[in-house]
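Chain by chain, the residues:
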Amino acid sequence: MAKSLTQEFTKGLWAEIPPFRLVLGLCPTLAVSNTFENGIGMGIAVTFVLVFSNILISALRKIIPAKVRIAAFIIVIATFVTVVELLMQAYTYALFLQLGIFIPLIVVNCILLGRAEAFASKNGIIRSTLDGLGMGIGYTLALGALAAFRQILGAGAITFYKTPIQLFGPSFEPFTFMVQAPGAFICLGLMLAVMNILGKK
Amino acid sequence: MREMIKMVVVLTIISLASGGLLAALRDGTQERIDNQVLEFVKGPAVRDILKAAANDPISSRFQIKDGGVLRTFFVAVIDGKPRGVALESSGKGYGGDVGLMVGIDVTDNKILGVGVTTMSETPGLGARAKTDPKFVAQFKGRPVSEPVKVTQDGGTINALSGATITSRAVSSGVADALALYERLKPQIIDKMKDVKTK
């Protein structure tokens, strides 16, 4: 059941979209999806790490001995996460302050180790790159959708390029519950339900 | 045995490559990160107390080695001359150190302003040192030579009600900054001459 290269890429966008279908990486999904910009920022950071760790792990898959593969994967992932952290501090410090602890925590995000173990360690570089890219973009889209949903209901605004844009008139009463932690669980649950209904056919 | 050796060698090489890459990146981004931290953490306080500056005090800064400590000074160009200088200080508050930025006018030796940068004081009580501009406004315009103390300790600074410890921390932090300024004044003046006035 070899998939075409396009399928390797597109599976992450819908059929195996990480938070909704694989139900992986939920901790940051819930925590940083309070504003649209945070969600997208986190998604891009994860995509970067995912693509590069997939490439490197796929390139090294014949050299890494099976018994220490998890340790090797973690070193590779942790390296790229630190790279992202340093670059974010240097270039997008405001976003770094917002995402804070969730950037270093990408290391233990199951999507990364999951893709390394399940895919990159068994497939070639091109396939692994496409897989990482697809999964990363899927994750970004999912986070963006969840964050937009929460922010629009919870604050009546959407943050885009640091400026919140108010969508409704002054009579709008923000449903603040949605931007708080419990709202994240409820929104995620609703979106999972919608995904399941759509996937049923 | 062969497998053992291979495991050790592979892991060592991966770790070495990773360490090397990160060290190089750290060196490369260090300066930018320092600038960003200054901009976001201390920037607002520096800008606020050096409002009159025609230049950007964050970028016109210099350092002086004082004993073993490297201290940073931010220079404000006022009326075409480098006239104001802001320096960092801190005092022991109720919830740890209260970080301060103290601005001094070097021509008439008066305090230009005081701002709280970092603190973890009780919200609603000590935290007002940062949020209530009236408290720090008391320091503005005081001559450098005047001792800084809260009224409870026989001074002239009105403490925030319910937050004497925080008020003391700010006062002693300001006093430290002033002492440091007096001690390093010749060097500060000397270094300020190099600041571009444009």
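Each residue is numbered by its place in its chain's sequence as written, counting from 1. A letter from A marks each chain and a number from 1 marks each ligand, given out in the order of writing. Residue-level local features of this predicted model are given only where pLDDT is at least 70; pairs of side-chain atoms are given and counted only at 80 or more, and the full residue set underlies all totals for whole chains, interfaces and linings.

1. As for the overall build of chain B
Note the threshold: Strands here mean DSSP runs of E at least two residues long; helices mean DSSP runs of H or I at least four residues long; both are numbered from the N terminus. In this treatment the radius of gyration is a C-alpha quantity, and the globule benchmark scales as 2.2 Å times the residue count to the 0.38 power. Contacts are defined on C-beta atoms placed from the backbone: any two residues whose C-beta positions lie within 7 Å are in contact.
Looking only at helices and strands, one finds four helices and five strands in chain B. When the elements of chain B are put in sequence order from the N terminus, they spell out α-β-β-β-β-β-α-α-α. Relative to a compact globule of 198 residues, whose C-alpha radius of gyration would be 16 Å, chain B shows 22 Å and is clearly more extended. Pairs at least 24 apart in sequence give 52% of the contacts found in chain B among residues at least 6 apart.

2. Description of the overall build of chain A
Basically, it comes down to this: Three exposure classes are used, all based on how many other C-beta atoms lie within 10 Å of a residue's own C-beta (placed from the backbone): buried at 20 or more, exposed at 12 or fewer, and partly exposed between those limits.
Scanning chain A for helices and strands turns up nine helices and two strands. Secondary structure elements in chain A, listed N-terminal to C-terminal, are α-α-α-α-α-α-α-α-β-β-α. Relative to the 2.2 N^0.38 estimate, which gives 17 Å for 201 residues, the radius of gyration of chain A is 18 Å and therefore close to what a compact globule would have. Taking the principal axes of the C-alpha coordinates as reference, chain A spans close to 60 × 45 × 25 Å. For chain A, the residues scored as buried account for 42% of the 201 residues in total. Relative to all contacts within chain A whose residues are 6 or more apart in sequence, the contacts with residues 24 or more apart total 76%.

3. Structural notes on unusual backbone geometry
As a rule of thumb, non-glycine residues mostly have phi less than zero, and peptide bonds are mostly trans rather than cis. All names here are of chain B. The backbone of asparagine 109 sits at a positive phi, close to 50°, despite the residue not being glycine. Looking at where asparagine 109 falls in the secondary structure, it is placed in the loop between strand 4 (96-105) and strand 5 (110-116). Overall, asparagine 109 belongs to the partly exposed group, with 15 C-beta atoms counted inside 10 Å.

4. What to know about the sheet that holds strand 3 (residues 81-93) of chain B
Residue and element names in this part refer to chain B. Stated formally: Criterion used throughout: strands pair if DSSP finds at least two bridges between them. Lines fitted to the C-alpha atoms define the axes, with helices restricted to the stretch that makes contact. Angles between their N-to-C directions range from 0 to 180 degrees.
One open sheet accounts for five strands, arranged 1-2-3-4-5; its pairing is antiparallel. Pairing within the sheet leaves two strands with one partner each, and these edge strands are strand 1 (61-66) and strand 5. Along the sheet, successive strands turn relative to each other by an average axial angle of 30°, direction set aside. Relative to strand 4, strand 3 runs antiparallel, the two being bridged by ten bridges. Note on strand 4: the bridge partner recorded for serine 89 is leucine 100. Along the sheet face, helix 1 (residues 2-49) touches strand 2 (69-78), strand 3, strand 4 and strand 5 and points at about 150° away from the line of strand 5.

5. Some words on the interface of chain A and chain B
Spelled out, the test is: Any residue that is not Ala, Val, Leu, Ile, Met, Phe, Trp, Tyr, Cys, Pro, Asp, Glu, Lys or Arg is counted as polar, Gly included; the first ten are nonpolar and the last four charged.
With 19 residues of chain A in contact, the opposing surface of chain B contributes 17 residues. Of all the secondary-structure elements, those providing two or more residues to the side of chain A that touches chain B are helix 5 (69-91) and helix 6 (93-99) of chain A. Top contributing element to the side of chain A that touches chain B by residue count: helix 5 of chain A, with eleven residues. Looking at the side of chain A that touches chain B residue by residue, the class counts come to 15 nonpolar, three polar and one charged.

6. Observations regarding helix 7 (residues 110-120) of chain A
Short version of the rule: The directions considered for the arc are those from the helix axis to the C-beta atoms.
For helix 7 of chain A, the full list of buried residues reads Ile111, Leu112, Arg115, Ala116 and Ala120 of chain A. One side of helix 7 of chain A carries all its buried residues, which in axial view fall inside an arc of 130°.

7. Re the pairing of strand 3 of chain B
Residues and elements named next belong to chain B. Most of strand 3 is tucked away: ten of the 13 residues are buried. Sheet topology note: the strand 2/strand 3 ladder contains six bridges and is antiparallel. When the bridges of strand 3 are listed, alanine 76 appears paired with glycine 84. Adjacent in sequence and paired antiparallel, strand 3 and strand 4 are bridged by two residues.

8. Regarding the packing of helix 4 (residues 36-60) of chain A against helix 7 of chain A
Residue and element names in this part refer to chain A. Heads up, the condition is: Should an angle fall under 35 degrees it is called roughly parallel, over 145 degrees roughly antiparallel, and 65 to 115 degrees roughly perpendicular, with every other angle called oblique. Should the near helix be turned counterclockwise from the far one by less than a right angle, the crossing is left-handed, whereas a clockwise turn marks it as right-handed.
Between helix 4 and helix 7, the least distance of the axes is 10 Å, while the angle of their chain directions is 30°. Considering the angle they form, helix 4 stands roughly parallel to helix 7. Like other packed secondary-structure pairs, helix 4 and helix 7 cross with a definite hand, here right-handed. For the pair helix 4 and helix 7, contact is made by Val46, Val49, Leu50, Ser53, Asn54, Ile57 and Ser58 and by Ile111, Leu112, Arg115, Ala116 and Ala120, respectively.

9. Focus on the confidence of the model for chain B
Residues and elements named next belong to chain B. For clarity, the threshold we go by: Per residue, pLDDT measures the predictor's confidence, with a range of 0 to 100.
The predicted model of chain B averages 83 in pLDDT, with 98% of residues at 70 or higher. Averaged pLDDT values over the elements of chain B bottom out at 80 in strand 1 and peak at 87 in helix 1. The ipTM, which scores confidence in the relative placement of chains, is 0.75 for this predicted complex, and the corresponding pTM is 0.72.

10. With respect to the packing of helix 4 of chain A against helix 5 of chain A
Residue and element names in this part refer to chain A. Contact geometry of helix 4 with helix 5 gives a least axis separation of 9 Å together with a crossing angle of 145°. In this structure, helix 4 meets helix 5 at a crossing whose hand is right-handed. Taking contact as the criterion, the partners of Ala45, Phe48, Val49, Phe52, Ser53, Leu56 and Ile57 in helix 4 are, on helix 5, Phe73, Val76, Ile77, Phe80, Val81, Val84 and Met88. Of the residues that constitute the contact of helix 4 with helix 5, the class distribution is 13 nonpolar, one polar and no charged.

11. A closer look at the environment of proline 82 of chain B
Residues and elements named next belong to chain B. Note on placement: proline 82 falls in strand 3. Looking at proline 82, the number of C-beta atoms within 10 Å reads 23, which means it is buried. In this structure, the C-alpha to C-alpha distance between proline 82 and isoleucine 189, residues 107 residues apart in sequence, is 9.2 Å.

12. Examining the environment of lysine 92 of chain B
Mapped onto the secondary structure, lysine 92 of chain B falls in strand 3. Spatially, the C-alpha atoms of lysine 92 of chain B and lysine 42 of chain B are 19 Å apart, while their sequence positions differ by 50 residues.

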